[in-house]
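Chain residues, written in single-letter form:
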Amino acid sequence: MMNLQQQVSIFVMAYGPKLMGAVILLIVGLWAVKGIIKILDNALKKSKVDASLHTFIKSVSSFVLKIVVLITAAATLGIPMTTFIAILSAAGLAIGLALKDSLSNFAGGILILTFRPFNVGDFIEAQGHMGTVKEIHLLYTYLNTPDNKRVVIPNGELSNARVVNFSAEKTRRIDLIFGIGYEEDITKAKEVLTRLVMNHPLTLKDPEPVVRVTEHAASSINFAVKVWCQSEHYWAIYYDLHEQVKMVFDQEGINIPFPQMDVHLHQNK
């Protein structure tokens, strides 16, 4: 029988060169991966890719390259690559099933950060909520509502939902309706409304504001007032015009009708 020393000698002679080659390949491969990731990092800094994606891209690239190095080193030892691929496939399937919702949010985050339907600071409406985008992460997007509540929306839902971005364009149109009584002079009312919107310092004169009769309602003649403004001035003009129209109509003697009921009592003789 061979003693232990002879067995070790035979093992070293048979597998030593392969083992040494695998170790060298592993060391060189990991060093090369580090260099590739460094080059990728510099390229990402110079690119237009969102900064939030940099860490993710580098992590995924590093993971994939290290797996390639590990499989190659294992193949050098004579271990079949199909074994590693089967193990990785099984592990990937198990992780995918366990993290199904998180992976959906993750994929949604990638889509949002890549295609940019909105940016941090934009005012949006999505999933029944309206607010200013404060943060965009890979899994969740954070909104602050006008009354300063924090809303957290999963990116998986957000990437597949209808999103209204109120800040995407530099200008917006304000649509208002003002009513006057049927007995009032519509020409005078139109002149008053036109003067108000034209004199407001924040309204845009191009495109030209529109003031037109839009409806003969049950108790009023309604004017549609459409004015353009810079997006950040929307609410200031909205509130100003409601207040100023009431004040100027009062000064000009223009009646603003309101619902009322006349009750007539008849006494039977």
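Just so it is clear, the structure is predicted and the values come from calculations on it, not from any experiment.

**So, the nonpolar core**
- If you look at the biggest cluster of nonpolar residues, it comprises 22 residues, and the most contacted ones within it are I174, I180, L193, F223, V225, V227 and F249.
- Mapped by element, the contributors of at least two residues to this core are strand 6 (171-180), helix 6 (186-199), strand 9 (221-230) and helix 7 (234-252).
- Once residues lying within four places of it in the same chain are set aside, the contact partners of F249 are G179, I180, V192, L193, I254 and I256.
- With eleven residues, the next largest nonpolar core counts I112, L113, I124 and V151 among its residues.

**Overview of the sheet that holds strand 2 (residues 129-136)**
- Strand order in the open sheet formed by five strands is 4-3-2-1-5, and the pairing between neighbours is antiparallel. Of all the strands in the sheet, just strand 4 (150-154) and strand 5 (164-165) have a single pairing partner and so form its edges.
- Relative to strand 4, strand 3 (residues 140-144) runs antiparallel, the two being bridged by five bridges. Across the sheet, N144 pairs through a bridge with R150, a residue of strand 4.

**Some details on helix 6**
- The end-to-end C-alpha distance of helix 6 is 20 Å, a good match for the 20 Å that 14 residues give at a rise of 1.5 Å each.
- All of the buried residues along helix 6 are A189, V192, L193, L196 and V197. Summarising the axial view, the buried residues of helix 6 lie within an arc of 125 degrees, below the 170-degree limit, and thus occupy one face. Across from the buried face of helix 6, at angles greater than 90 degrees, the exposed residues are E191 and N199.
- Against strand 6, strand 7 (203-204), strand 8 (210-216), strand 9 and helix 7 lie the buried residues of helix 6.

**Some thoughts on the pattern of salt bridges**
- One pass over the full model with this rule turns up six salt bridges.
- A salt bridge links D147 to K149, with the nearest nitrogen and oxygen atoms 3.6 Å apart.
- Residue K188 pairs with E252 through a salt bridge whose shortest N-O separation is 3.8 Å. Of this pair, K188 sits in helix 6 while E252 sits in helix 7, placing them 64 residues apart in sequence.
- With relative accessibility at 32%, the residue K188 sits in the partly exposed group.
- What makes E252 partly exposed here is its relative accessible area of 32%.
- Via salt bridges that share partners, K188, R195 and E252 belong to a single interconnected network.

**A closer look at the environment of T141**
- Counting through the fold element by element, T141 comes out in strand 3.
- Overall, the relative accessible area of 0% leaves T141 in the buried class.
- Sequence separation of T141 and V120 is 21 residues, and the distance between their C-alpha atoms is 9.6 Å.
- Here N155 takes part through its side chain, which lies 2.7 Å from a polar atom of the side chain of T141.

**Here's the deal with helix 7**
- Compared with the 27 Å implied by 1.5 Å per residue over 19 residues, the 26 Å span of helix 7 between its first and last C-alpha is a close match.
- Buried within helix 7 are the following residues: Y234, I237, L241, V245, V248 and F249. Buried residues of helix 7 fall within an arc of 100 degrees about the axis and therefore sit on the same side. Those residues of helix 7 that are exposed and aimed more than 90 degrees away from the buried face are Y239, E243 and Q251.
- In the core, the buried residues of helix 7 are packed alongside strand 6, helix 6, strand 7 and strand 9.
- A positive backbone phi angle near 75 degrees is found at G253, which sits one or two residues after helix 7.

**Looking at the confidence of the model for the chain**
- Taken over all residues, the pLDDT of the chain has a mean of 82, while the share at 70 or more is 80%.
- Mean pLDDT across the secondary structure elements of the chain bottoms out at helix 3 (residues 81-98), with 62, and peaks at strand 9, with 95.

Criteria and thresholds
- Residues numbered from 1 in each chain as written.
- Predicted model: local features only at pLDDT ≥ 70, side-chain atom pairs only at ≥ 80, totals over all residues.
- Heavy atoms only, no water.
- Core = buried A, V, L, I, M, F, W, Y, C linked by side-chain atoms within 4.5 Å.
- Buried < 20%, exposed > 50% of the residue type's maximum accessible area, 1.4 Å probe, protein only.
- Helix = DSSP H or I, 4+ residues; strand = E, 2+ residues; numbered from the N terminus.
- Contact = heavy atoms within 4.5 Å.
- Pairing = 2+ DSSP bridges.
- Expected span 1.5 Å × (residues − 1).
- Arc of directions from axis to C-beta.
- Salt bridge = Lys/Arg side-chain N within 4 Å of Asp/Glu carboxyl O.
- Polar contact = N/O pair within 3.5 Å; in protein donor to acceptor, adjacent residues only side chain to side chain.
- pLDDT = per-residue confidence, 0-100.

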